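One-letter residues, chain by chain:
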Amino acid sequence: MGLLAIAPALFLILALTLYPVAYSIWLSLLEKHSFFPQERFVGLENYFYLWKDPEFWTSLWLGVVYSIWTIFFQIILGVAAALILNETFVGRGLVRGIVLFPYMIPTIVAVILWKWLLNDTYGVVNYWLLAFGIVWDPISWLGADHIMLSVIVISIWQFFPFVLLSILARLQTIPPELYEAAKVDGASAFRRFVHVTLPQIRGILFVVILLRSIWMFTKFDTVWLMGEGAGAGRFIRTLPVYAYMRTLTYYQAGLGAALAVIMFAILVVCTIIYFRLFREEADIG
Amino acid sequence: MTRWRWRRPSTRGLLYVGAVLLALQASFPFFWMASTSFKPPPEVFAQPPSFIPQDPTWDNFRRLFTATGFLVYFKNSLIVSGLAVLLTMVVSAAGAYSLTRYRYVGREKIAGLILCTYMFAPIMVVIPFFILVKKAGIENTHFALVLAFTSFCLPFTLWLMRAFFATIPIELEEAALVDGAGRVRAVVYVVLPLALPGIIATSIFTFILAWNDYIFTRILITSDELKTLPVGVQDLFHSALIDWGLIMAAGMMITIPALLFFIAVQRYLISGWGAGAVKG
């Protein structure tokens, strides 16, 4: 009876997630057109091809750059904002609701919003920069030189509320007595953060950094939608975007699958290293 | 006359500055979208830009509804997201009930397996999924899309529902069983009403995830009349001259349902968050 109730869920997870992921390993050993049924077993040829493919290495590098910057600032901003919203002040409930909006809206909306704000001729960002005399010429935010910066800023804007909410939920469970005791001992705000808050949020921080790293490294929609139609898209062609393009622009499903498998392998290796390095933190929380 | 002197900024002052900045960075882009969507075309491109539309008009929305496939996309989004919610909720409510009420070998392993699937990002699932869907001959159907959303949402709804069911005391059901109710009656009359807030919150999270999806729809749906909103709206960009007023109106119409739902479940959010109600 109990097994009967869990069976549909297990079946769907197996059939719709685990089987496709396992199948992608098989697919990565094939030469296969994305739309026609023909397929040919080629062994590890797709992997050898990628090893010598400069575009693969570029996309890996761009993906790493994108992930590191976005994760770093999401964590910093998320923790800082959580500390602010954990204090009591007039209108706190309202601000708490508003700051989550960017995380709740569809990515397509975030992207069209920002493409319009950053428009080089009519965008309000360039208008302000010029009006305040910060720059003399409009900046081409979606051009080759700045598109990586733009997509990093937008991603931070869109995803740091996740960090904020996770940390805030934990902060609310810290007993106030801890802070009072520290205050009595004459600890400054900074020292209270380092010696009281930080040890308490360490566990959740461990999980949040892990999840955000996985999700940023595999982030497709924000990056792809920003690059699409911008002309400078190839300057933000990260690994997930490259995998998509191999599959649906060049119709090389085998290569696309190989890229997905490589992405997954990188994630697994990094996760294991991460656990080895920081496991104690996870246990504290 | 008092002399102005430099004072160390007070902590409270800094707190308010921080709070105002937080609210502004999150709300200004939306304000700007709303403002642009009510401007007639010449005003959209006016320099300097006007913050409040000087000559507000519904024209962008009228064109959105009449000249584009917006209403079709909207209907498709509702259908697909609704069906995905229905399927995931039935399956995950049953699964969560089982995981919290029955003891069997491997129960903890199943919970671990669910968490593991968080590692599989959409981009890794969607490429093989696309090929498999073609092999099954169901490409370019809403059915394939509902399955895809289910694969994406199920692990986390199951996880979340498990946390909700775990908070319902088992004694209540036992009392009903002792009173002679069958298992099914006990579940329907005792457990489900108590789990309702959790079920509603989880449904809405699932709905928002499905509503917001871009990648699965982009890859699995090719014909225009089956597209959902995010993909349909992105395709508005493919005209030669970008009609920003129209696009901002479309942005408004996608955002409003998601935000209404979000506001409705906001009070569950913090507790849900603790239970792992997160993805993406």
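With that settled, the discussion passes to the overall build of chain A. What chain A contains, in helices and strands, is twelve helices and two strands. Dimensions along the principal axes, computed over C-alpha positions, put chain A at roughly 75 × 65 × 35 Å. A buried classification covers 42% of the 285 residues belonging to chain A. Taking contacts inside chain A between residues at least 6 apart in sequence as the whole, the part at least 24 apart equals 69%.

The number of helices and strands found in chain B is twelve helices and zero strands. Order of helices (α) and strands (β) in chain B, N terminus to C terminus: α-α-α-α-α-α-α-α-α-α-α-α. In terms of overall dimensions, chain B is more spread out than a globule: its C-alpha atoms have a radius of gyration of 24 Å, far above the 19 Å expected for 280 residues. By its C-alpha atoms, chain B is 75 × 70 × 35 Å across when sized along the principal axes. Within chain B, buried positions represent 42% of all 280 residues. Considering only residue pairs separated by 6 or more positions, chain B has 77% of its internal contacts joining residues 24 or more positions apart.

Let us now look at the interface of chain A and chain B. Taken together, the 65 residues of chain A in the interface contact 73 residues of chain B. The element best represented in the side of chain A that touches chain B is helix H1 (residues 2–27) of chain A, accounting for 16 residues. Residue composition of the side of chain A that touches chain B, grouped by class: 53 nonpolar, ten polar and two charged.

Among the ten residues that make up helix H11 (residues 239–248) of chain A, nine are buried, leaving the element largely enclosed by the rest of the structure. Within H11 of chain A the residues assigned to the buried category are Leu239, Pro240, Val241, Tyr242, Ala243, Tyr244, Met245, Arg246 and Thr247 of chain A.

Moving on, we get to the environment of Asn76 of chain B. All names here are of chain B. Among the secondary structure elements, Asn76 is positioned in helix H4 (residues 70–101). Owing to 22 C-beta atoms within 10 Å, Asn76 belongs among the buried residues under this scheme. Residues Asn76 and His142 lie 66 residues apart in sequence; the distance between their C-alpha atoms is 8.3 Å. Not counting residues up to four positions away in its chain, the partners in contact with Asn76 are Leu226, Lys227 and Thr228.

Take the confidence of the model for chain B next. All names here are of chain B. Averaged over all residues, the pLDDT of chain B equals 85, while 91% of them reach at least 70. Across residues 275–280, confidence stays below pLDDT 50; counting only partners more than four residues off in sequence or on other chains, it has 14 contacts. The ipTM, which scores confidence in the relative placement of chains, is 0.89 for this predicted complex, and the corresponding pTM is 0.90.

End to end, helix H4 (residues 92–104) of chain A covers 19 Å across 13 residues, agreeing with the expected 18 Å (1.5 Å per residue, within 8%). Looking only at H4 of chain A, the buried set comprises Val95, Arg96, Val99, Pro102, Tyr103 and Met104 of chain A.

Along the polypeptide, Val146 of chain B turns up in helix H7 (residues 142–166). Among residues more than four places away in sequence, those in contact with Val146 of chain B are Val80, Leu83, Ala84 and Leu87 of chain B.

Once that is clear, we can look at unusual backbone geometry. A cis amide bond, omega -5°, links Gln47 of chain B with the succeeding residue Pro48 of chain B. Residue Tyr251 of chain A is not a glycine yet carries a positive backbone phi of 60°. Looking at the element boundaries, Tyr251 of chain A is found in the loop between H11 and helix H12 (253–284). For Tyr251 of chain A, a count of 14 C-beta atoms within 10 Å translates into the label partly exposed. Positive phi, close to 60°, is recorded for Asn140 of chain B, a residue that is not glycine. Asn140 of chain B gets classed as partly exposed once you count the C-beta atoms within 10 Å, which come to 13.

Analysis parameters
Residues numbered from 1 in each chain as written. Chains lettered and ligands numbered in written order. Predicted model: local features only at pLDDT ≥ 70, side-chain atom pairs only at ≥ 80, totals over all residues. Helix = DSSP H or I, 4+ residues; strand = E, 2+ residues; numbered from the N terminus. Buried ≥ 20, exposed ≤ 12 C-beta atoms within 10 Å, placed from the backbone. Contact = placed C-beta atoms within 7 Å. Rg over C-alpha atoms; globule rule 2.2 N^0.38 Å. Nonpolar A, V, L, I, M, F, W, Y, C, P; charged D, E, K, R; others polar. pLDDT = per-residue confidence, 0-100. Expected span 1.5 Å × (residues − 1).

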